[in-house]
Number of protein chains: 2
Amino acid sequence: MGAVISLNQETSPLGNSVERLVDLVSDDLDAVNAVILDRMKSPVELIPTLAGHLISSGGKRLRPLLTLSTARMLGVDGDAHIKLAAAVEFIHTATLLHDDVIDESVLRRGKASANVLWGNKSSVLVGDFLFSRSFRLMVEVGSFEVLDILSNAAAVIAEGEVMQLSTAKDTATSEEDYMAVIEAKTAALFAAAARSGGIAAGGTKAQEEALEQFGRNLGIAFQLVDDALDYSGRQATLGKTVGDDFRDGKITLPVVLAYRRGTDDERTFWQRTLEEGHQEDGDLHRATRLMEKYNTISDTIDRATKFGNRSREALDQLPSGPLNTTLGEIIDFCISRAY
Amino acid sequence: MGAVISLNQETSPLGNSVERLVDLVSDDLDAVNAVILDRMKSPVELIPTLAGHLISSGGKRLRPLLTLSTARMLGVDGDAHIKLAAAVEFIHTATLLHDDVIDESVLRRGKASANVLWGNKSSVLVGDFLFSRSFRLMVEVGSFEVLDILSNAAAVIAEGEVMQLSTAKDTATSEEDYMAVIEAKTAALFAAAARSGGIAAGGTKAQEEALEQFGRNLGIAFQLVDDALDYSGRQATLGKTVGDDFRDGKITLPVVLAYRRGTDDERTFWQRTLEEGHQEDGDLHRATRLMEKYNTISDTIDRATKFGNRSREALDQLPSGPLNTTLGEIIDFCISRAY
């Protein structure tokens, strides 16, 4: 397990900690990118074109990095972790393609999204293609345990997205419902990505369990901060627009808390803007002022900090070294980017 | 391998041969339906509601029947074939859900389609859920060979659908392109469904290969007849509307042949109606008259007959008995329903 220093230092929206992680597994990451390019191939030209648009558009590869780094942390041999990391990225990409279709998004990572360029039809089908290819990669690795964990994660992600549809525009959504959604739609794949690395390395059950907890809690913290950032000026500096969730009527924790703590008049405001979708100029501004009034952004970040701490506790049970240190810094950065 | 006679004789749109096949594997089919109901379950209510709408809407279960009957034909033990048949039906259902979204269909099996009732978003996600669950079923069966075959079929289906998007509205589509599309989008799953049954039963490689050929050629014949029927009055008696493909601008074999054999004036007609999508009253009637003029419907059915014969040749290499006889009758019926 040697630390490999990459010659080309890319900047990442997730900060220096991710850059350091990339450096530590740079040969592996190059190998993952090669597998991704190879397995996107198809005689049907539109498939690599469309998939490549998203895959090569500067995503941070956070999930495959979790698989690579946890595998290396436990001293992996062979290339199972490479294929699994590529499979994880394919599952994530398929999810994004389907998300963009269903949300009618127009931007993804600062570029026009695939559904706008090639139509919804193509995005759904190329997502299906990548999803199938991810399973072929897992089959090649030949571990039923990994297949079980990743296919379960994929089902849970879809479940979480359907759950999110049900809670969308529903201001009565409880904190519990919200947490169930983000555990399913985000944390499940973080957990599976981290655990898969451990399985590829032949880790013990206790190590697998710690990796799962590390990934799951990091995923929850990550999504909580994402949802807080959507209402924050910090968002603009990360290349995303502010208020997307508000415009989509998504009920995230900052809203759930503001609604619960609000006056009748304020609740009427949330119902009009999010449930009925009648939004006027100045409504986003009022929404953020209500969140400030009730400290719901900072409470969301506090909650993220708590899950970040749990993720770190799990990490402490795993072998120490540069990878462990850097993963710890990623937890810190995941929280601190909120400020 | 005992023939089990069912007490409730259901009628099937595929005729008496399918009824007979259902009777021969009725206990297995009941078990498949139980697995399907069980694995559709989710705490997220919309998932079983939406999936159940499609799964229990009188589909003919042709693909899972192929898995069950080929497994029984080779003397299967245990319940691997039950789980694989359910997995095959889940893959098929996921494909239908995604098809309906992308085609903006309003009817499926004579009922309002899921995307109309619950929205495109839900249909895409529930399709993803079923797809993931199908993989979990395969993982439970514990055969890497089956996982490889079915995950490959799933990738090929998506590839075929993207290919179909590229040929849609393109009157220059060649017969070869058309055949590539139907082999991928239809025949691949028929082939995988039949072969999986053989693997579950521990068949020889030669038997697996024969099952694959049986399924693939049946699938091609089935799709050719479907595409012929879309322009035929017979279609109405099968509970489907006539001319759907024409309205969608789909380039199927009856069109490919009519275009190739047509005059300049007729080609202009096909370009206006299918490429440019400008359709007027009477255009569908003119289309069917041109197909009659050039015998393209009957030529399509002739071609289906040829593939039906290949399917039967493959069947002849497999153990004889009531199941083999009935599968042969299904090939015949698949062709004869065109008349």
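Caption draft 1: Spatial organisation of the overall build of chain A. A tally of regular secondary structure across chain A gives 17 helices and two strands. When each of the 339 residues of chain A is scored for burial, the buried share is 54%. In chain A, the proportion of contacts linking residues at least 24 apart, taken out of those at least 6 apart, comes to 73%.

Caption draft 2: Main features of helix 9 (residues 175-200) of chain A. Residue and element names in this part refer to chain A. For helix 9, which comprises 26 residues, the first-to-last C-alpha distance of 36 Å matches the rise-based estimate of 38 Å (1.5 Å per residue) to within 8%. Taking the largest bend as the criterion, helix 9 deviates by roughly 45°, centred on Ala187. With 21 of 26 residues buried, helix 9 is to be regarded as a mostly interior element. Count one or two residues on from helix 9 and you reach Gly202, which has phi positive near 70°.

Caption draft 3: Seen up close, helix 2 (residues 26-39) of chain A. Residue and element names in this part refer to chain A. Between its first and last C-alpha, helix 2 extends 20 Å over 14 residues, near the 20 Å set by a 1.5 Å rise per residue. Listing the buried residues of helix 2 in full gives Asp28, Leu29, Val32, Val35, Ile36 and Arg39. Buried residues of helix 2, seen end-on, are gathered within an arc of 115° and therefore sit on one face of the element. Helix 2 presents Ala34 and Asp38 as exposed residues on the side facing more than 90 degrees away from its buried surface.

Caption draft 4: Quick peek at the relation of the copies chain A and chain B. Rotating chain A by 180° and moving it 0.0 Å along the rotation axis overlays it on chain B with an RMSD of 0.0 Å. What the rotation and shift describe, once combined, is the action of a two-fold rotation axis. Taken as a fraction of all interface residues of chain A, those also at the interface in chain B reach 100%, which identifies the copy contact as same-surface.

Caption draft 5: Just the interface of chain A and chain B, in detail. Listed by partner, the interface residues are 36 residues for chain A and 36 residues for chain B. Listing elements by their share of the side of chain A that touches chain B, those giving two or more residues are helix 3 (46-55), helix 5 (80-103), helix 7 (120-141) and helix 8 (144-167) of chain A. Across the side of chain A that touches chain B, the residue classes tally to 20 nonpolar, nine polar and seven charged.

Caption draft 6: Main features of the environment of Val124 of chain B. Residue and element names in this part refer to chain B. You can see Val124 is positioned in helix 6 (residues 114-141). Of the residues examined, Val124 has 30 C-beta atoms within 10 Å and is grouped as buried. C-alpha separation for the pair Val124 and Ile331, spaced 207 residues apart in sequence, amounts to 33 Å.

Caption draft 7: Expanded view of the confidence of the model for chain A. Residues and elements named next belong to chain A. Per-residue pLDDT for chain A averages 88, and the proportion of residues at 70 or more is 88%. Overall, residues 1-13 carries pLDDT values under 50, and its contacts beyond four positions in sequence, including any with other chains, amount to 19 contacts. In this model residues 103-107 is a low-confidence stretch, pLDDT under 50, and it forms eight contacts with partners more than four residues away in sequence or in other chains. Interface confidence for the predicted complex, given as ipTM, is 0.87, next to a pTM of 0.89.

Caption draft 8: Main features of the packing of helix 8 (residues 175-200) of chain B against helix 9 (residues 205-229) of chain B. Residue and element names in this part refer to chain B. With their axes 7 Å apart at the nearest point, helix 8 and helix 9 run at an angle of 145° to one another. At the point where helix 8 passes helix 9, the crossing takes the right-handed sense. Facing helix 8, whose interface residues are Ile182, Glu183, Thr186, Ala187, Phe190, Ala191, Ala193, Ala194, Arg195, Gly197, Gly198 and Ile199, helix 9 presents Gln207, Glu208, Leu211, Glu212, Phe214, Gly215, Arg216, Leu218, Gly219, Ile220, Phe222 and Gln223. Counted by class, the contact of helix 8 with helix 9 contains 12 nonpolar, seven polar and five charged residues.

Caption draft 9: A look at the packing of helix 16 (residues 296-316) of chain A against helix 17 (residues 322-336) of chain A. Residue and element names in this part refer to chain A. In contact at an axis separation of 9 Å, helix 16 and helix 17 are set at 175° when each is read in the N-to-C sense. The orientation of helix 16 relative to helix 17 falls into the category roughly antiparallel. Across from Ala304, Thr305, Gly308, Ser311, Arg312 and Leu315 in helix 16, the residues of helix 17 making contact are Asn324, Leu327, Gly328, Ile331, Cys334 and Ile335. For the contact of helix 16 with helix 17, the residue count by class is six nonpolar, five polar and one charged.

Caption draft 10: Representation of unusual backbone geometry. All names here are of chain A. In this model, Arg61 sits at a positive phi of 55°, which is unusual for a non-glycine residue. On the secondary structure map, Arg61 appears in the loop between helix 3 and helix 4 (62-73). Arg61 sits in the buried class, given 23 other C-beta atoms within 10 Å.

Caption draft 11: Seen up close, the environment of Ala86 of chain A. All names here are of chain A. Along the chain, the position of Ala86 falls in helix 5. As a C-alpha pair, Ala86 and Leu68 span 18 residues in sequence and 9.8 Å in three-dimensional space. Ignoring anything within four residues of it in the chain, the contact list for Ala86 reads Val32, Val35, Ile36, Arg39, Pro64 and Leu137.

Caption draft 12: The arrangement of the environment of Ser132 of chain A in detail. All names here are of chain A. Locating Ser132 in the fold gives a position in helix 7. We classify Ser132 as buried; it has 24 C-beta atoms within 10 Å. Sequence separation between Ser132 and Leu318 is 186 residues; the distance between their C-alpha atoms is 32 Å.

Cut-offs and rules
- Residue numbers here run from 1 along each chain, matching the order of that chain's written sequence.
- Lettering for chains starts from A, numbering for ligands starts from 1, and both go in the order in which the items are written.
- Predicted model: local features are reported for residues with pLDDT of at least 70 only, side-chain atom pairs are reported and counted for 80 or more only, and whole-chain, interface and lining totals are derived from all residues.
- For helices the rule is a DSSP run of H or I covering at least 4 residues; for strands it is a run of E covering at least 2, with both sets numbered from the N terminus onward.
- Our exposure labels follow a C-beta count within 10 Å of each residue's own C-beta, placed from the backbone: buried means 20 or more other C-beta atoms, exposed means 12 or fewer, and partly exposed covers the counts in between.
- Here, residues touch in the contact sense if the C-beta positions derived from the backbone fall within 7 Å of one another.
- In this scheme, a helix's expected span is set at 1.5 Å multiplied by one less than its residue total.
- Across the chain, bend at a residue is computed as the angle between axes fitted to the seven residues ending at that point and the seven starting from it.
- Within this analysis, the arc is defined by the directions that extend from the helix axis to the C-beta atoms.
- Here the copies are superposed with least squares, the fitted atoms being C-alpha atoms of residues at a pLDDT of at least 70 in both.
- Polar here means any residue other than Ala, Val, Leu, Ile, Met, Phe, Trp, Tyr, Cys and Pro, which are nonpolar, and Asp, Glu, Lys and Arg, which are charged; Gly is therefore polar.
- Think of pLDDT as the predictor's per-residue confidence, scored from 0 to 100.
- For helices, the fitted axis covers only the stretch in contact; all axes are lines through C-alpha atoms, and the angles between them, taken along N-to-C directions, range from 0 to 180 degrees.
- It is the rotation of the near helix from the far one that decides the hand of a crossing: anticlockwise by less than a right angle makes it left-handed, clockwise makes it right-handed.
- Oblique is the label for every angle not falling under 35 degrees (roughly parallel), over 145 degrees (roughly antiparallel), or within 65 to 115 degrees (roughly perpendicular).

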